[in-house]
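Examining the three-dimensional arrangement
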Amino acid sequence: MARGRFILLEGCDRAGKSTQCAMLVAALKEKGHSVELCKFPDRTTTIGQMIHAYLTNAKELDDRAIHLLFSANRWEAMQSMKRKLKGGTHLVVDRYAYSGVAFSTAKGLDLTWCKNPDKGLVRPDLTFFLDLPTTEAEKRGGFGEERYENRELQERVREVFLQLKGKEWVMIDARETVQSMHHRILKEAEENIRVGELDGRFAE
Ligand code: DGP
Ligand code: NA
Ligand code: NA
């Protein structure tokens, strides 16, 4: 059986990642795939609760300490994610290590230092970057509720993201309609899954 595909959606706040993740999971399920959603930060774990307290300004933490907690929150999911991928389940993932590096570097930490704790995490097979100009993100409402939701930081975050952009990234203009983004994402994801199934067959 072919290994499941790791499909990541990244982007700045308010770009519509969570909506697109939910739509992608539903569409792939509908087509008969085994697929699950993962979301980072995962606020349900003990580490995730500390991250939540930090994001909602209930708790202050050193920039490096919170960086390592975000990374630890990904590491604690590794065993289960690997098991699912190995069992042929596709994972649609809402944010991952790119967010980890983008946010902390935008706050002023060294890029290489930021990348180190995530080294060795399972890598995405396909990364969508939902790109939204910060001025548009602000108009979408709710901006300003959590710690990082201010224009200056979000602009720097977007710059770091674009610096991290790899050749396997698929850029999605988040100003498009929800449906048109969904069609594009689904088409690319299905193509990637097909390639994975072929690879799996050759490996047998
Ligand atoms: P979300 O639940 O996707 O809205 O993410 C919450 C906030 O945390 C959002 O502003 C993005 C930020 N964030 C997500 N992952 C990381 C990370 O690994 N490190 C840092 N510093 N911030 C992150
Ligand atoms: Na947010
Ligand atoms: Na989201």
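As annotated in an unreviewed UniProt entry, the chain is Thymidylate kinase from Linnemannia hyalina. Among the UniProt annotations of the chain, the heading Pathway (unreviewed entry) holds the following wording: "Pyrimidine metabolism; dTTP biosynthesis." Per UniProt, the chain has the following entry under Sequence similarities (unreviewed entry): "Belongs to the thymidylate kinase family."

Among the 10 residues that make up helix α5 (residues 97-106), 10 are buried, leaving the element largely enclosed by the rest of the structure. Listed as buried for α5 are A97, Y98, S99, G100, V101, A102, F103, S104, T105 and A106. On the buried face of α5, the contacting elements are β1 (6-11), α3 (63-75), α6 (111-115), β4 (126-131), α8 (151-164) and β5 (169-173). Within two residues after α5, G108 carries a phi angle of roughly 115 degrees, on the positive side.

Here the chain averages 95 in pLDDT, and 98% of its residues register 70 or above. Note on the complex model: pTM 0.96, ipTM 0.93.

Another aspect to go through is the site of ligand 1. Contacts to ligand 1 come from 13 residues, most closely from D13, K39, R74, R95 and G100. For ligand 1, an oxygen atom lies 2.8 Å from a polar atom in the side chain of R74. One of the side-chain N or O atoms of Y148 is found 3.3 Å from a nitrogen atom in ligand 1. For ligand 1, whose accessible area on its own is 500 Å², the fraction buried by protein is 91%.

Okay, the sheet that holds β5 next. On the basis of which strands lie adjacent, the open sheet formed by five strands has the order β2-β3-β1-β4-β5 and parallel pairing. One side of each edge strand has no neighbouring strand; the edge strands of this open sheet are β2 (35-39) and β5. Sheet twist, expressed as the average angle between the axes of neighbouring strands with direction ignored, equals 20 degrees. Two strands pair when backbone bridges link them, and β4 and β5 are joined in this way by five bridges, in the parallel orientation. Paired with F129 across the strands is M171, a residue of β5. Its contacts with the sheet place helix α1 (residues 17-30) against β1, β2, β3 (90-94) and β4, and it is angled at close to 165 degrees to β3.

With that settled, consider the environment of H182. Here H182 lies in helix α9 (residues 178-203). Assessed through its relative accessible area of 9%, H182 is described here as buried. Taking C-alpha positions, H182 is 18 Å from D13, a pair spaced 169 residues apart along the chain. Look past the residues within four positions of H182 in its chain and what remains in contact with it is Q20, M23, L24 and A27.

With that settled, consider the side chain of D118. For D118, the location among the structural elements is in the loop between α6 and β4. Within the structure, D118 has its side chain in polar contact with the side chain of S71 (distance 2.8 Å). Side-chain polar atoms of D118 contact the side chain of R74, separated by 3.1 Å. Once residues lying within four places of it in the same chain are set aside, the contact partners of D118 are S71, R74, W75 and A97.

The rules we used
- Residues numbered from 1 in each chain as written.
- Chains lettered and ligands numbered in written order.
- Predicted model: local features only at pLDDT ≥ 70, side-chain atom pairs only at ≥ 80, totals over all residues.
- Heavy atoms only, no water.
- UniProt positions renumbered as here; feature names shortened; annotations may be inferred.
- Buried < 20%, exposed > 50% of the residue type's maximum accessible area, 1.4 Å probe, protein only.
- Helix = DSSP H or I, 4+ residues; strand = E, 2+ residues; numbered from the N terminus.
- Contact = heavy atoms within 4.5 Å.
- pLDDT = per-residue confidence, 0-100.
- Near = heavy atom within 4 Å.
- Polar contact = N/O pair within 3.5 Å; in protein donor to acceptor, adjacent residues only side chain to side chain.
- Areas by Shrake-Rupley, 256 points an atom, 1.4 Å probe, with all protein chains shown as cover.
- Pairing = 2+ DSSP bridges.
- Axes fitted to C-alpha atoms, helices over the stretch in contact; angles between N-to-C directions.

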